[in-house]
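Below are the chains, spelled out letter by letter.
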Amino acid sequence: MAGVRRRVGAAAAAAVVGAALLVSLPARQASAASPLTCQPTVPLYGVDQGGDLTWHGHRDGAGGGASWAPGSGGKVGHGWGRFVSIVSGRDGVIYAVDRSGYLRWYRHLGAATGAEQWAPGSGRVIGQGWGGYVEVTTDGSGVLYALDRQGNLHWHRHVSPVRGGSTWAQGSGKVIRSGWNAITRLMTGGDGVLFGVNAKGHMRWYRHADPGGGGPSFSTGTGLVTGEGWGGYRDLAGAGAGVFYAVDPSGRLWWERHADPRAGAPVWQARRQVSNGWSGFTAVFAGSASCSASSFTGYAAGKHGQTIYYKDGRAGAVLTPRARTAILYGSPRKFAESTTDATVSTRAWVRLLPEPWTPSADWASSWLSASIGSTQDDLLEIATQYITGARDQTKEGQRYAGDAHYGPVGEDGPNEGSDFNDYLGLDWTYGEKVDRAEPEQKGALDCSGFVRMVYGHRGGYPMAIGTPAGTALPRRAVQMHASALGVGVADGGTAKPGSYAGLQPGDLLFWDASTDDGADIDHVGIYLGIDSDGGHRFLSSRKVVDGPTLGDRGGPSLLDDGTLYDRSWRAAKRL
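In what follows, the accompanying structure is described. (Residues numbered from 1 in each chain as written. Predicted model: local features only at pLDDT ≥ 70, side-chain atom pairs only at ≥ 80, totals over all residues. Heavy atoms only, no water.)

1. Things to note about the overall build of the protein chain
Moving on, step 1. Counting secondary structure elements, the protein chain contains six helices and 41 strands.
Moving on, step 2. Against the globule reference of 25 Å for 575 residues, the protein chain gives a C-alpha radius of gyration of 26 Å, in line with a compact fold.
Moving on, step 3. In terms of overall dimensions, the protein chain has a C-alpha envelope of 85 × 50 × 45 Å along the principal axes.
Moving on, step 4. Counting the 575 residues in the protein chain, one finds 58% classified as buried.
Moving on, step 5. The long-range fraction of contacts in the protein chain, counting pairs at least 24 apart against all pairs at least 6 apart in sequence, stands at 55%.
Moving on, step 6. Accessible surface computed for the protein chain: about 21,900 Å², of which carbon and sulfur atoms make up 47%.
Moving on, step 7. Between the centroid of the 55 positive side chains of the protein chain and the centroid of its 52 negative side chains there is a distance of 11 Å. (Helix = DSSP H or I, 4+ residues; strand = E, 2+ residues; numbered from the N terminus. Rg over C-alpha atoms; globule rule 2.2 N^0.38 Å. Buried < 20%, exposed > 50% of the residue type's maximum accessible area, 1.4 Å probe, protein only. Contact = heavy atoms within 4.5 Å. Areas by Shrake-Rupley, 256 points an atom, 1.4 Å probe, with all protein chains shown as cover. Lys, Arg positive; Asp, Glu negative; His and termini not counted. Charge placed at Lys NZ, Arg CZ, Asp CG, Glu CD.)

This is the structure we're talking about:
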């Protein structure tokens, strides 16, 4: 929530959210504008064990530097231990719910300086019946969102937030959304944007289309997962525009920033520790309208050299140096298959750049302008054109897509060895070498053949056969893993990697799934994203299913369910 509900006990250790650290690129690539602006001093408050309210002024809300205003940590109020929920908006306005369910209004006149000055009337009751809410947040304009125990989201609008009157807009208290039972923490990002953290620690992005009037409409893309690892924090406070302050079980205070609050793409800046010693507070909250997103268009540099391209204040693309795989953010889609009830909804469109990304690429501007917003088949869509039940697609009499088998059936089931050209029934030339299509393998793709069909034949990535050389996509999974192609994303050696945080849709995944070849990599697939059940789902071609699948027949296509493809996952690469 924009403030925080009082909690007892510590949560599990905080996890790092995969992120990109935004800074300005040279003027030739970006204007002087910034994607984010914050007040010079962001007010944070903490309620200590004795009920005293302390003020802290963070002086770098936009960048996450550990700079604090003089007087930070000073006491500005007493008796705040009686409140079960506290949230703060704009101009020092604070709303607090006491144990009797009364909503009280305060206005801290020293919000920018830490002075112990309060507006006349502070502490007055402006509402009742708020004890039934488990989470409350405010966007700073008088709009409050409240979540009840049944998972219903209620809208309220306080007509006079600065003066503290008791008048509420017509319709205040109405339910505008239901089914939010899994949400354990609720925060606002301004302009109707809400962030909800569920029991799995996933953060979901929502945008209420009518914050001023309380209508029930929400924007396209509402409910998509935009971050992971949030269940490890004991306290969370939002400062607006995707800026969050989070306290871990050790009492360290972290600055986190969602880099696309306007549209909800899962793009984050690298978290930064800004303070410590916060474990003694029973509640932490921040001025929820302290930061705002701009209509910035241009480039910003990211963690590990990544580049984020903004268009009109929204994250349009994430680009990785030395990789050709680009993530573009556009219209949401849902991927499904008859072999599982789980689906994957995503705004990510995965495309191959003309060359490996470098910030000095002279083709970048024109390519991004032509590609962002395009709905032509991307690599994810192409991959699903070969899964169970996919319809046949032909061009000039040549079948180039449709439900693929794994390979011809032998004594032990389908045999591997079916490459993309076997599926097509076409001989393929590599320099002086010719790979003859095997008639019995027509319409079949083994695991690496599936990847080569998607990225190589359909996507245009260069391919090779025989001993891997350079960065061409080789024939076998073990060769793809060992070759110089792409950029390493995760590598656990002979064990499972320790985190999913760096994964992006379209990344290649590698497994040691078989027991008859030692510790060699023997399977490859394509990461798809977080599914409707909160699992990390992938696509691959497998023997048991007899072809490409994102489903659960013959073992779930998941990296985190404790079964075969979870236990045997070893690495990830980005082409």
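2. Details of the state of the cysteines
Moving on, step 1. Following the criterion strictly, the structure yields one disulfide and no others.
Moving on, step 2. A sulfur-sulfur distance of 2.1 Å marks the disulfide that ties Cys38 to Cys291. When the S-S torsion is 110 degrees, as for the bridge of Cys38 with Cys291, the disulfide is right-handed. With Cys38 in strand S3 (residues 36–38) and Cys291 in strand S24 (residues 291–293), this pair connects stretches of sequence that are 253 residues apart.
Moving on, step 3. Taking relative accessible area as the criterion, Cys291 reaches 6% and is therefore assigned buried. (Disulfide = S-S within 2.5 Å.)

3. Quick notes on the sheet that holds strand S36 (residues 487–491)
Moving on, step 1. The six strands lie next to each other as S36-S41-S37-S38-S39-S40, forming an open sheet whose pairing is antiparallel. Lying at the two open borders of the sheet, with one neighbouring strand each, are S36 and strand S40 (547–549). Between one strand and the next, the sheet's axes are offset by a mean angle of 25 degrees, whatever the strand orientation.
Moving on, step 2. Of the pairings in the sheet, the one linking strand S38 (residues 523–530) to strand S39 (residues 536–542) comprises four bridges and is antiparallel in character. Bridge pairing in S39 places Ile526 opposite Leu539. (Pairing = 2+ DSSP bridges. Axes fitted to C-alpha atoms, helices over the stretch in contact; angles between N-to-C directions.)

4. Some points on the environment of Leu550
Moving on, step 1. Topologically, Leu550 is positioned in the loop between S40 and helix H6 (564–567).
Moving on, step 2. With 230 residues separating them in the primary sequence, Leu550 and Thr320 have C-alpha atoms 26 Å apart.

5. Focus: the side chain of His154
Moving on, step 1. As for its position among the elements, His154 is in strand S13 (residues 153–157).
Moving on, step 2. With relative accessibility at 11%, the residue His154 sits in the buried group.
Moving on, step 3. A distance of 2.8 Å separates the side chain of His154 from the side chain of Asp148, its partner in a polar contact.
Moving on, step 4. Each residue touching His154, except ones within four places of it in the same chain, is listed here: Tyr133, Leu144, Tyr145, Ala146, Asp148, Gly173, Lys174 and Val175. (Polar contact = N/O pair within 3.5 Å; in protein donor to acceptor, adjacent residues only side chain to side chain.)

6. Focus on the environment of Ala66
Moving on, step 1. Structurally, the position occupied by Ala66 is in the loop between strand S5 (53–58) and strand S6 (74–77).
Moving on, step 2. Judged by its relative accessible area of 58%, Ala66 is exposed.
Moving on, step 3. Separated by 188 residues in the primary sequence, Ala66 and Trp254 have C-alpha atoms spaced 9.7 Å apart.
Moving on, step 4. Not counting chain neighbours up to four residues away, the residues in contact with Ala66 comprise Gln273 and Val274.

7. Comments concerning the packing of aromatic side chains
Moving on, step 1. Tallied over the full model, the rule gives 27 aromatic pairs.
Moving on, step 2. Relative to Trp118, the ring of Trp80 lies with its centre 5.9 Å away and its plane at 35 degrees, an arrangement referred to as tilted. Of this pair, Trp80 sits in the loop between S6 and strand S7 (83–88) while Trp118 sits in the loop between strand S9 (103–107) and strand S10 (124–127); the two residues are 38 residues apart in sequence, bridging distant segments of the chain.
Moving on, step 3. The buried category is assigned to Trp80, whose relative accessible area is 4%.
Moving on, step 4. Of note, Arg271 hangs over the ring of Trp254, and the distance from its end group to the ring centre comes to 3.6 Å. (Phe/Tyr/Trp six-rings, centres within 6.5 Å; stacked < 30°, edge-to-face > 60°. Lys NZ or Arg CZ within 6 Å of the ring centre and 35° of its normal.)

8. Concerning the environment of Val344
Moving on, step 1. By the element assignment, Val344 lies in strand S29 (residues 344–352).
Moving on, step 2. The spatial distance from the C-alpha of Val344 to the C-alpha of Tyr309 is 24 Å, given a sequence separation of 35 residues.
Moving on, step 3. In this view, Val344 contacts Arg333, Lys334, Phe335, Leu528, Gly529, Ile530, Asp531 and Arg537; residues no more than four positions away in its chain are not counted.

9. Focus on the sheet that holds strand S22 (residues 272–275)
Moving on, step 1. The strand order across the open sheet formed by four strands is S19-S20-S21-S22, and the pairing between neighbours is antiparallel. A strand with exactly one partner marks an edge of an open sheet, and here the two such strands are strand S19 (235–240) and S22. The mean angle between the axes of side-by-side strands here comes to 30 degrees, regardless of whether they run parallel or antiparallel.
Moving on, step 2. In this sheet, S22 lies alongside strand S21 (residues 253–257) in antiparallel orientation, the contact comprising three bridges. Bridge pairing in S22 links Leu253 to Ser275.

10. A few points about the pairing of strand S27 (residues 314–319)
Moving on, step 1. When you tally the buried positions in S27, you get five out of six residues, the bulk of the element.
Moving on, step 2. Counted between consecutive antiparallel strands, the loop separating strand S26 (residues 307–311) from S27 contains two residues, among which Asp312 sits at a positive phi close to 55 degrees.
Moving on, step 3. Strand direction decides the pairing type here: S27 and strand S28 (residues 325–335), joined by three bridges, are antiparallel. From the neighbouring strand, Ala317 faces S28, where its bridge partner is Leu328.
Moving on, step 4. As consecutive antiparallel partners, S27 and S28 are separated by five residues, and within that stretch Arg322 has a phi angle of approximately 70 degrees, a positive value.

11. Some thoughts on the pattern of salt bridges
Moving on, step 1. What the rule picks out here adds up to 15 salt bridges.
Moving on, step 2. Across the salt bridge formed by Asp531 and Arg537, the nearest N and O atoms sit 2.9 Å from each other. Judged on exposure class, the residue Asp531 and its partner Arg537 are both buried.
Moving on, step 3. Each member of the salt-bridge network shares a partner with another, and the members are Asp419, Asp446, Arg452 and Arg475. (Salt bridge = Lys/Arg side-chain N within 4 Å of Asp/Glu carboxyl O.)

12. Observations regarding the nonpolar core
Moving on, step 1. Core analysis: the biggest nonpolar cluster contains 51 residues, and Tyr386, Tyr455 and Leu473 have the highest contact counts within it.
Moving on, step 2. At six residues, helix H4 (residues 447–458) tops the list of elements feeding residues into this core.
Moving on, step 3. Discounting residues that sit within four places of it in the chain, Leu473 has contacts with Val451, Arg452, Tyr455, Gly456, Tyr461, Pro462, Met463, Ala464, Met480, Leu485 and Leu575.
Moving on, step 4. Among the nonpolar cores identified, the runner-up in size contains 17 residues, and Val42, Ala237, Ala239 and Leu253 belong to it. (Core = buried A, V, L, I, M, F, W, Y, C linked by side-chain atoms within 4.5 Å.)

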